[in-house]
Amino acid sequence: MIVAPDRRPLTRDFFDRPVLDVAPELLGRTLVRRTPQGPIELRITEVEAYNGSSDPGSHAYRGRTARNASMFGPPGHAYVYFIYGMWFSLNLVCNKEDTASGVLLRAGEVLTGTEQAAARRPKARNTRELAKGPARLATALDIDRSLDGTDICSTDPDQPLTVLYGHPADAGEVLNGPRTGISGEGAAHPWRFWIDGDPTVSPYRAHVPRKRRSRAA
C-alpha cells in the first residue's frame, strides 16, 4: 500500500539539534515553496552540513557578517546567499542561536508545480534535472535573498517556505561523503548526504582552484 507523504510541518525542535543530526534526517522531507503563481513542492534528496565556527568550509567560520547574519539566528529559519555573482543557494539554520550551523539543500525531486519550475529552468533536459544542484534548486523554486531569514517553522499558511514531514529516507538508503567544491581543511569532512541511487542527486565535484585572470599590460 502506498502511503501519502505526511503533511505536518517540521517543528522548531527538529532543527534545534546538531547539524550533523539534522542533515541526513532532512532527506525525503517535502519542501514547500509558495509563489504568486502557485505552490511548488520538492522532495529533498541531497544536502550538505556546515558547522559554523568549527568548520573551515562554513560561511560563518570567520564570524558574523551582513551576508551570513541569518546563520546566527534561531533554528528553523532560511539562510539564502548569492554566489559567483549569478546564483542563489538555500540553507536551513540548525542548532542553538549563535552557533551558525546550517544545511545546504543541494538537490531534490519536484513533486508539484513542475510546469512553473520548468519555466524557470528552460535548459533542463528533463524533470530530474530541474533541481539537480543547489543553484538549479534555488532557480526552479524562485528563491532569492528576499527569503533570507524566513521562518520555515511558521504555521502561517501564506508563509513562502515550509518543510513538511514527508517520507523520511530510511537510514539504509542514506550515503555520505566529502562536500562538493570545498577546499582546505574542510574538504575532508564527509558531510554531504544523499539518497542512494536517486536520479536527482547531483554529481560530486572536488574543489578546483580558480585561475586569476592576468591583467593586460
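In short, a report on the structure. Please read all numbers here as calculations on a predicted model, not as lab measurements.

Rules of the game
Here the residue index of a chain counts from 1 through its sequence in written order. pLDDT decides what is reported in this predicted model: residues at 70 or higher carry local features, side-chain atom pairs at 80 or more are listed and counted, and totals for whole chains, interfaces and linings draw on all residues regardless. In computing side-chain values, all of the structure's heavy atoms are included and hydrogens and water are not. Numbered from the N terminus, helices here are DSSP runs of H or I no shorter than four residues, and strands are runs of E no shorter than two. Our radius of gyration looks at C-alpha atoms and nothing else; its globule reference is 2.2 Å times the residue count to the power 0.38. Note on definitions: a residue-residue contact is assigned when non-hydrogen atoms from the two residues lie within 4.5 Å. The protein chains shown are the only cover counted for residues, whose accessible areas, like all others here, come from Shrake-Rupley with a 1.4 Å probe. Positive charges come from Lys and Arg, negative ones from Asp and Glu, while His and the chain ends are left out of the count. Charge placement uses NZ in Lys and CZ in Arg. For Asp and Glu, CG and CD serve respectively. Grouping buried Ala, Val, Leu, Ile, Met, Phe, Trp, Tyr and Cys residues that are joined through side-chain atoms within 4.5 Å yields what is termed a nonpolar core. Buried, partly exposed and exposed residues are distinguished by accessible area as a fraction of the type maximum, computed with a 1.4 Å probe on protein chains only: under 20%, between the cut-offs, and over 50%, respectively. Whenever two N or O atoms come within 3.5 Å, that pair is a polar contact, provided that in protein one can donate a hydrogen and the other can accept it, and provided that, for residues adjacent in sequence, both atoms are side-chain atoms. In this analysis, strands are considered paired if DSSP registers two or more bridges between them.

## So, the overall build of the protein
Thinking step 1. In terms of regular secondary structure, the protein is built from 4 helices and 9 strands.
Thinking step 2. When the helices and strands of the protein are placed in sequence order, the string is β-α-α-β-β-β-β-β-α-α-β-β-β.
Thinking step 3. Compactness check: the protein gives a C-alpha radius of gyration of 17 Å against a globular reference of 17 Å for 217 residues, within 12% of the reference.
Thinking step 4. Judged by the C-alpha coordinates and their principal axes, the protein covers about 65 × 40 × 35 Å.
Thinking step 5. Long-range contacts, defined as pairs at least 24 residues apart, comprise 63% of the intrachain contacts of the protein with a sequence gap of at least 6.
Thinking step 6. Accessible surface, the protein: about 11300 Å² in total, of which carbon and sulfur atoms supply 52%.
Thinking step 7. Positive and negative side-chain charges in the protein, numbering 29 and 25 respectively, have mean positions lying 10 Å apart.

## Some details on the nonpolar core
Thinking step 1. The biggest cluster of nonpolar side chains holds 41 residues, and the ones touching the most others in it are Phe15, Leu26, Leu31, Leu90, Val103 and Leu105.
Thinking step 2. Counting residues per element, this core draws most heavily on strand β3 (residues 38-51), which supplies 5 residues.
Thinking step 3. Tyr50, Phe72, Val93 and Leu104 belong to the second-largest nonpolar core, a separate cluster that totals 10 residues.

## Here we look at the side chain of Ser154
Thinking step 1. Take Ser154: it is sitting in the loop between α4 (134-140) and β7 (161-166).
Thinking step 2. Reaching out from Ser154, the side chain makes a polar contact with the backbone nitrogen of Asp156 at a distance of 3.1 Å.

## Here's the deal with the side chain of Arg106
Thinking step 1. Structurally, the position occupied by Arg106 is in strand β6 (residues 101-112).
Thinking step 2. Residue Arg106 is classed as buried on the basis of its relative accessible area of 7%.
Thinking step 3. Each residue touching Arg106, except ones within four places of it in the same chain, is listed here: Glu46, Val47, Glu48, Ala131, Lys132, Gly133, Pro134, Leu137, Thr180, Arg192 and Ser202.

## Section: the pairing of β6
Thinking step 1. The buried count for β6 comes to 9 of 12 residues, which makes it a mostly enclosed element.
Thinking step 2. Where β3 lies against β6, 10 bridges are found, and the strand directions are antiparallel. Within the sheet, the bridge partner assigned to Glu48 lies in β6 and is Leu104.
Thinking step 3. Hairpin geometry of strand β5 (residues 87-94) and β6 is characterised by an intervening segment of 6 residues between the two adjacent antiparallel strands and by a positive phi of about 65° at Asn95.

Function cannot be inferred from these measures alone, as they are strictly geometric.
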